[in-house]
Amino acid sequence: MRRRRLVSSKVTPYFFLVPTLILIIIFRLIPIGYSFWLSITRFNVIMPQNSTFVGLDNFARMIGDEFLWRSLLNTTYFTLGSLTIGLLLSLVMSFILCEAWFKFSGVARALLFVPFIMSIVIAGLIWSFIFQIDFGLLNSILRLLGLPQQRFLADTSLAIWAVIIVAIWRDLGYMITIWSAGILSISKDYLEAGRIDGANRMQEILYIRLPMLKPVATFLIVLGVINSFQVFDVVYVMTFGGPARSTEVLIYYLWNMAFRDFNISYAAAISWLLFAILIIFTLIQVKLFKAEDVN
Amino acid sequence: MLKTPLHAKVLRVLAIIPVLLLIVIALYPMFWMVTTSFKTLEESLIWPPVIFPERFILDNYIQIFQIANFHRYFSNSVIYAVIGTFLSVLFATMAGYAFAKMQFAGKRLLFFVVLSVLMIPHQVTLIPIFLINSWFGWVDTYLGLIIPGVVNAFGIFLIRQFAMGIPNDLFDAARIDGAREGRIFASIFLPVVIPPVTTLVVLEFMHRWNDMFWPLIIINSAERRPLTLALTVLYRSEWAGVVRWPQMAAAMTIAALPVLILYAIFQKYFTSGLVVTSGIKG
């Protein structure tokens, strides 16, 4: 009897982990190895056993692939544009919302958060209408102001900005929530000490609050970069990567390569490029997770 | 109490204006969606744009349900979101319990592996995951839609984090009384972890309900498309000609409603869950 109990108590923890571990092995660990194998072969879609080893050919091919570089450039542009504007705007808004005199800041934050919970598909479709040439809201406003109409989604330099605007619109409330949590967690003692030393509001923000928000900024930037580099839905819905590839981001290119051209091996190699770009950010993210874990 | 000086008051008003403006921008698309869903096609396409329809008509809602398959799309979204969320939360809670409240060899290593592996961006393994699904014959099936996304680091982390704060005595006492782990899990652990479980349920549901990327890859046939994918396809089919926006808006309103209702009820869980992972004690 005693023996049985001992055995079962040694095995039961693993029983609780079995579903998770099986799923991780099948849908995470094996795919990692498989993806690596794919990237060094020429995968035969119809007869996988006839796939041939090609070494680093798939990676070498990237160097001369001007569309890949174009998509990387677009992704970087998108990431920088949406993150810089989004982070700064949300930071300023958070400082306003965290002022003691600001009544209803909770309600304001809750409302600003709504875009973040909506499906990006629905949001993208609505924004497509807003950006539309004939009846769209933006062109209506331009018309009212007597300015020329713009074909936002059909213009090679404007389309990416349309996508960036939607991304900012979506993430702003989330960023405000995170910034605010950071701002509100700053101990009043520091602000008190600053006031005693005669710091004015501007100095208080610049020298006391901003430095203390560094961990929050790190988190938002790391997460923002990881997510922005994987942007797909909004592009797929609003621009299909066009016009003339001007909004073709990395994942869109990868998806096209894998699921439309069935160039599986090359697409796998591209996904490792994505991994290489994101690895540093992912490691920082793991570190942040572990840091909180220690607390 | 000091009286607020006039220039401070002026500054405050100036500071409130951008906040209000942003709230209007944040909510405008939704406002447009709901009002347009009650408009006639003509009303949606005239200039200057009409803000409210002359008469709120329900025709668009009736018509989209007459379009073949709309109720199918809705049920598909329900199947994907509800079953996926249930399994995902159940497995995460079990794993969270094991990692927080049980002792076993290799615990730290396993936890590290789980977290690290799951932090690898999904897109990196997207293609092999799709190929594995095709070995299983899961392409274009509900299994393929639901199962691969069930495991998630965030959930395990969230549950474990919360459970670490529960005193061990509670569990040790039950163990001494001879209760089996399964029973301890169900009748002691589950009732205490309801807050993070609720957070997880709403976030996982939202994620699946809104997801289009995985369905786009794994689902081919129209009758298994969830709403998000169906909407995209519908938009694309009309894109070249005249998009019937009022009907689209009605479909989108129905598609947006479940998450909005959840948000209205569980707003705190949405935000707190997302803040917890940010490494800030809010």
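So, a few notes on the structure that sits alongside this text. (Residues numbered from 1 in each chain as written. Chains lettered and ligands numbered in written order. Predicted model: local features only at pLDDT ≥ 70, side-chain atom pairs only at ≥ 80, totals over all residues. Heavy atoms only, no water.)

### Observations concerning the side chain of Gln247(B)
Note that Gln247(B) resides in helix H14 (residues 245-276). Residue contacts for Gln247(B): discarding those within four places in its chain leaves Asn60(B), Gln63(B), Ile64(B) and Ile67(B). (Helix = DSSP H or I, 4+ residues; strand = E, 2+ residues; numbered from the N terminus. Contact = heavy atoms within 4.5 Å.)

### Examining the nonpolar core
Grouped together as the largest cluster of nonpolar side chains are 191 residues, with contacts concentrated most on Ile122(A), Tyr174(A), Leu220(A), Phe232(A), Phe189(B), Met252(B) and Phe270(B). With sequence-adjacent residues up to four places away left out, Phe189(B) is seen in contact with Thr93(B), Tyr97(B), Lys101(B), Ile159(B), Ala163(B), Ile166(B), Phe171(B) and Ile184(B). (Core = buried A, V, L, I, M, F, W, Y, C linked by side-chain atoms within 4.5 Å. Buried < 20%, exposed > 50% of the residue type's maximum accessible area, 1.4 Å probe, protein only.)

### Considerations on the interface of chain B and chain A
Frequently, the measure chosen for interface size is the accessible area that the parts lose on association. Each partner contributes residues to the interface: chain B has 102 residues there, and chain A has 94 residues. Roughly 9,100 Å² of surface becomes buried between chain B and chain A when both sides are summed, with 79% attributable to carbon and sulfur atoms. Our count for the chain B to chain A interface comes out at seven residue pairs in polar contact (both at pLDDT 80 or more). Here the side of chain B that touches chain A takes 15 residues from helix H1 (residues 6-36) of chain B, the largest share from any one element. For the side of chain B that touches chain A, a count of residues per class yields 77 nonpolar, 18 polar and seven charged. (Buried area = accessible area lost by both parts, 1.4 Å probe. Polar contact = N/O pair within 3.5 Å; in protein donor to acceptor, adjacent residues only side chain to side chain. Nonpolar A, V, L, I, M, F, W, Y, C, P; charged D, E, K, R; others polar.)

### Some words on helix H8 (residues 159-184) of chain A
All names here are of chain A. End to end, H8 covers 37 Å across 26 residues, agreeing with the expected 38 Å (1.5 Å per residue, within 8%). The largest bend along H8 reaches roughly 40° and is located at Asp171. The buried fraction of H8 is high, at 21 of 26 residues. (Expected span 1.5 Å × (residues − 1). Bend = angle between axes of the 7 residues up to and from the residue.)

### Some points on a nonpolar patch on the surface
A cluster of nonpolar residues, Leu6(B), Val10(B), Leu11(B), Val13(B), Leu14(B) and Ile17(B), forms a patch on the protein surface that exposes about 600 Å² of accessible area. When you line up the elements, Ile17(B) lands in helix H1. (Patch = residues over 30% accessible without salt bridge, like charges linked within 9 Å, V, L, I, M, F, W, Y side chains within 5 Å. Areas by Shrake-Rupley, 256 points an atom, 1.4 Å probe, with all protein chains shown as cover. Salt bridge = Lys/Arg side-chain N within 4 Å of Asp/Glu carboxyl O.)

### Considerations on the packing of aromatic side chains
Here the structure, examined in full by the defined rule, presents 46 aromatic pairs over all chains. With centroids separated by 6.0 Å and ring planes inclined at 20°, the aromatic side chains of Phe113(A) and Tyr263(B) adopt a geometry described as stacked. Note that Phe113(A) is positioned in the loop between helix H4 (105-112) and helix H5 (114-117) and Tyr263(B) in helix H14, a pairing that runs across two chains. Residues Tyr252(A) and Trp255(A) carry aromatic rings whose centres are separated by 5.6 Å and whose planes lie at 55° to one another, so their mutual orientation is tilted. On the criterion of helical spacing, the pair formed by Tyr252(A) and Trp255(A) is a turn pair, its members being three residues apart in helix H13 (residues 250-259). For the pair formed by Tyr252(A) and Trp255(A), the shared burial category is buried. Following the ring pairs from residue to residue traces out a cluster consisting of Phe15(A), Phe16(A), Tyr97(B), Phe171(B), Phe185(B) and Phe189(B). (Phe/Tyr/Trp six-rings, centres within 6.5 Å; stacked < 30°, edge-to-face > 60°.)

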